[in-house]
Amino acid sequence: MASVKLKEVYKKYPGGVTAVTDVNIDIQDKEFIILVGPSGCGKSTTLRMIAGLEEISEGELWIGNRLVNDVAPKDRNIAMVFQNYALYPHMTVFDNMAFGLKLRKVPKDVIQRKVEEAAKILDIAHLLDRKPKALSGGQRQRVALGRAMVREPDVFLLDEPLSNLDAKLRVQMRTEISKLHKKLGTTFIYVTHDQTEAMTMGDRIVVMKDGYIQQVDSPTNLYHYPVNQFVASFIGSPQMNFIDAVLLKDEYGKYVVEFGGQDTKVSQGKKYYVEIPESKVDEAALNPLVNRPVVLGIRPECIHDEDMFLSTATTGVIDATVEVTEMMGAETYLYLNCEGIQLNARVNPRTTARPQDVIKVALDPNRIHLFDKDTEKTIIN
């Protein structure tokens, strides 16, 4: 097993295009780490550099105690699972899984044992004689995982392995890959653009944008303590609500966030205020921004329409028009319009709110985030 370290890694293409800039990641032995971000953010390029399929322009890549910048992919003792499975169509499942071992001149009895053990773990022992065309997408993905497993690599690299599967199968395979990681005790580096996969599977998540790392942290910390507006918007589904606002200080010295007040077809120019709780006040961060524009962030589940919240709320109660309701079974999403501001609330499925209703909702002041309007960096979480 092995740790993986990327030190000040860059990927530059001819013509001045830089795909990855100053990437520093220290991946522990046996860790499950996920690279996540929108298309074109550099996550797959980073993975391919670890695999040796892309050359590193600058920086160092260490696997274990070995600098591998100039080591051929086949000598790095890594295994890669691709998005499109990359199975040989003319070979049986057994031969696909055994192919890498045969190239290494591994004895036949050892190949037989390793393939059968992997097939048993992945529940594909009954499929060993079939060709890939006779398999479902989930079965093909298991074969691709099995082919990687039998090589007993130091590091598993997985490049969007579930993106070709349907939604139900994706959920199932997420669980299977997490179980597999615990069973094998190997370092897993997993690339996805699906933040749900990232949140549910990873020990730590690397959030990337435009070739730069934005934040590396545990799923919980990314969700509750994003370092900037991009991370806050990317992690969480439905995404965080963002409201253009102004930071004020009232006559009692308390910090309040003011928003609304625009005269539009759907509003009367009413202003609303959310008081920042004492527990969140950071004088050094807030004081320079008084009377300046800020962005107020609040997650959908922190907007409440229940009487128990509304009756006790002393700040952050707003009027909003319900535009759309989405019944999701265990919860309901309300798409709201408040003073021309679009908000999404995740509420109890027993809500009585219906489209075109004007309702009151309470923003939980203990769960607000504030971002700098210009830099988009977090002011308070």
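What counts, and at which threshold
- Residues numbered from 1 in each chain as written.
- Predicted model: local features only at pLDDT ≥ 70, side-chain atom pairs only at ≥ 80, totals over all residues.
- Heavy atoms only, no water.
- Helix = DSSP H or I, 4+ residues; strand = E, 2+ residues; numbered from the N terminus.
- Buried < 20%, exposed > 50% of the residue type's maximum accessible area, 1.4 Å probe, protein only.
- Contact = heavy atoms within 4.5 Å.
- Areas by Shrake-Rupley, 256 points an atom, 1.4 Å probe, with all protein chains shown as cover.
- Lys, Arg positive; Asp, Glu negative; His and termini not counted.
- Charge placed at Lys NZ, Arg CZ, Asp CG, Glu CD.
- Phe/Tyr/Trp six-rings, centres within 6.5 Å; stacked < 30°, edge-to-face > 60°.
- Lys NZ or Arg CZ within 6 Å of the ring centre and 35° of its normal.
- Expected span 1.5 Å × (residues − 1).
- Arc of directions from axis to C-beta.
- Pairing = 2+ DSSP bridges.
- Core = buried A, V, L, I, M, F, W, Y, C linked by side-chain atoms within 4.5 Å.
- Axes fitted to C-alpha atoms, helices over the stretch in contact; angles between N-to-C directions.
- Parallel < 35°, antiparallel > 145°, perpendicular 65-115°, else oblique.
- Left-handed = near helix turned anticlockwise from the far one by under 90°.
- Nonpolar A, V, L, I, M, F, W, Y, C, P; charged D, E, K, R; others polar.
- Salt bridge = Lys/Arg side-chain N within 4 Å of Asp/Glu carboxyl O.
- Polar contact = N/O pair within 3.5 Å; in protein donor to acceptor, adjacent residues only side chain to side chain.

Visitor: What should I look at first to understand the overall build of the chain in this one?
Guide: The secondary structure content of the chain amounts to ten helices and 21 strands. Projected onto its principal axes, the C-alpha positions of the chain cover 80 × 45 × 35 Å. Out of the 381 residues in the chain, the part that is buried amounts to 48%. Across the chain, the fraction of contacts at a sequence separation of at least 24, relative to all contacts at a separation of at least 6, is 67%. Within the structure as shown, the chain displays about 18300 Å² of accessible surface, and the carbon and sulfur contribution to it stands at 48%. Separation of charge centres in the chain, based on 47 positive and 51 negative side chains, amounts to 9 Å.

Visitor: What is the right way to read the packing of aromatic side chains from this model?
Guide: The way to describe two aromatic rings as a pair is by their centre distance and the angle between their planes. Tallied over the full model, the rule gives seven aromatic pairs. Taken together, the ring pairs connect Phe32, Phe156, Phe188 and Tyr190 into an aromatic cluster. Sitting above the plane of the Tyr10 ring, Lys12 keeps its charged end 5.2 Å from the centroid. Over the aromatic face of Tyr223 sits the side chain of Arg299, whose NZ or CZ is 3.9 Å from the ring centroid.

Visitor: In this structure, what is going on with helix H3 (residues 108-121)? I would like to understand it.
Guide: Note on helix geometry: an α-helix contains 3.6 residues per turn, so any two residues three or four positions apart are oriented the same way. The terminal C-alpha atoms of H3 lie 20 Å apart, and with 14 residues this matches the ideal 20 Å at 1.5 Å per residue to within 8%. Along H3, the residues classified as buried are Ile111, Lys114, Val115, Ala118 and Ala119. All buried residues of H3 fall inside an arc of 130° around its axis, so they share one side. Facing away from the buried side of H3, by more than 90 degrees, are the exposed residues Asp109 and Lys120. At its buried positions, H3 is contacted by helix H2 (93-103) and helix H4 (137-149).

Visitor: Quick question: what am I supposed to make of the sheet that holds strand S15 (residues 303-304) here?
Guide: Each strand in a sheet pairs with another by means of backbone hydrogen bonds, the pair being arranged parallel or else antiparallel. The five strands are arranged S15-S19-S16-S17-S18 in an open sheet whose pairing can be described as antiparallel. Among the strands making up the open sheet, the edge pair consists of S15 and strand S18 (341-347). The sheet contact formed by strand S16 (residues 317-327) and strand S17 (residues 332-338) spans six bridges and is antiparallel. Residue pairing across strands places Thr325 opposite Leu334, the latter belonging to S17.

Visitor: Could you clarify how one ought to interpret the nonpolar core in this entry?
Guide: Burial of nonpolar side chains together is a common tendency in soluble globular proteins. Counting 47 residues, the largest nonpolar core has Met97, Val115, Leu145, Leu158, Ile177, Tyr190 and Val207 as the members making the most contacts within it. Those residues in contact with Leu145 that sit more than four places away from it in its chain are Val81, Leu122, Phe156, Leu158, Met173, Ile177 and Leu180. Membership of the second largest hydrophobic core comes to 34 residues, among which are Ala245, Tyr272, Cys302 and Ile368.

Visitor: Which parts of the structure should I look at to understand the packing of H2 against H3?
Guide: To characterise two packed helices, one gives the angle between the axes of the helices and the distance between these axes. At a minimum axis separation of 10 Å, H2 and H3 run at an interaxial angle of 135°. Relative to H3, H2 is oriented oblique. Taken as a pair, H2 and H3 cross one another with a handedness that is right-handed. Here Phe94, Met97, Ala98, Leu101 and Lys102 of H2 come into contact with H3, specifically with Ile111, Gln112, Lys114, Val115, Ala118 and Ala119. Here the residues of the contact of H2 with H3 sort into eight nonpolar, one polar and two charged.

Visitor: Can you walk me through the packing of H2 against H4 in this structure?
Guide: Two elements in contact, H2 and H4, have axes separated by 7 Å at closest approach and are oriented at 30°. Here H4 runs roughly parallel to H2, going by the angle between their axes. Remark: the crossing between H2 and H4 carries right-handed chirality. Residues Val93, Asn96 and Met97 of H2 form the contact with H4, whose own contacting residues are Val143, Gly146 and Arg147. Residues of the contact of H2 with H4, tallied by class, amount to three nonpolar, two polar and one charged.

Visitor: Looking at this structure, how should I read the sheet that holds strand S5 (residues 66-67)?
Guide: Spatially, four strands are ordered S2-S1-S4-S5 in an open sheet, and the strand pairing comes out antiparallel. Every other strand in the sheet has two partners, leaving strand S2 (17-27) and S5 as the edge strands with one partner each. Packing against the sheet, helix H1 (residues 43-51) makes contact with strand S1 (4-13), S2 and strand S4 (58-63), and its axis sits at approximately 115° to S1.

Visitor: Looking at this structure, I do not really get the side chain of Arg76. What am I missing?
Guide: Along the chain, Arg76 turns up in the loop between S5 and strand S6 (78-81). Summary of buried charges: Arg76 has no salt-bridge partner, and the nearest side chain of opposite charge, Asp70, is 7.0 Å away. A distance of 3.0 Å separates a polar side-chain atom of Arg76 from the backbone oxygen of Met49. Excluding residues that lie within four positions of it along the chain, Arg76 makes contacts with Met49, Ile50, Ala51, Gly52, Leu61, Ile63, Arg66, Val68, Asn69 and Val71.

Visitor: What should I look at first to understand the pairing of S16 in this one?
Guide: The two faces of a sheet get side chains in turn, since along a regular strand they alternate between them. When S16 meets strand S19 (residues 358-363), the two strands line up antiparallel, connected through five bridges. Directly across from Val317, in S19, lies its bridge partner Ala362. A loop of four residues connects S16 with S17, the two strands running antiparallel in sequence, and Gly329 in this loop sits at a positive phi of about 95°.

Visitor: What am I meant to see in unusual backbone geometry here?
Guide: A negative phi angle is the norm for most residues apart from glycine, just as the trans form is the norm for most peptide bonds. At the junction of Ser237 and Pro238, the peptide bond is cis and its omega measures out at -5° in the coordinates. With respect to the helices and strands, Pro238 occurs in the loop between helix H8 (229-234) and strand S11 (241-249). If you check the backbone angles, Asp210 has positive phi at about 50° while not being a glycine. In this fold, Asp210 is placed in the loop between strand S9 (204-209) and strand S10 (212-217).

Worth remembering: the numbers are spatial, not functional.
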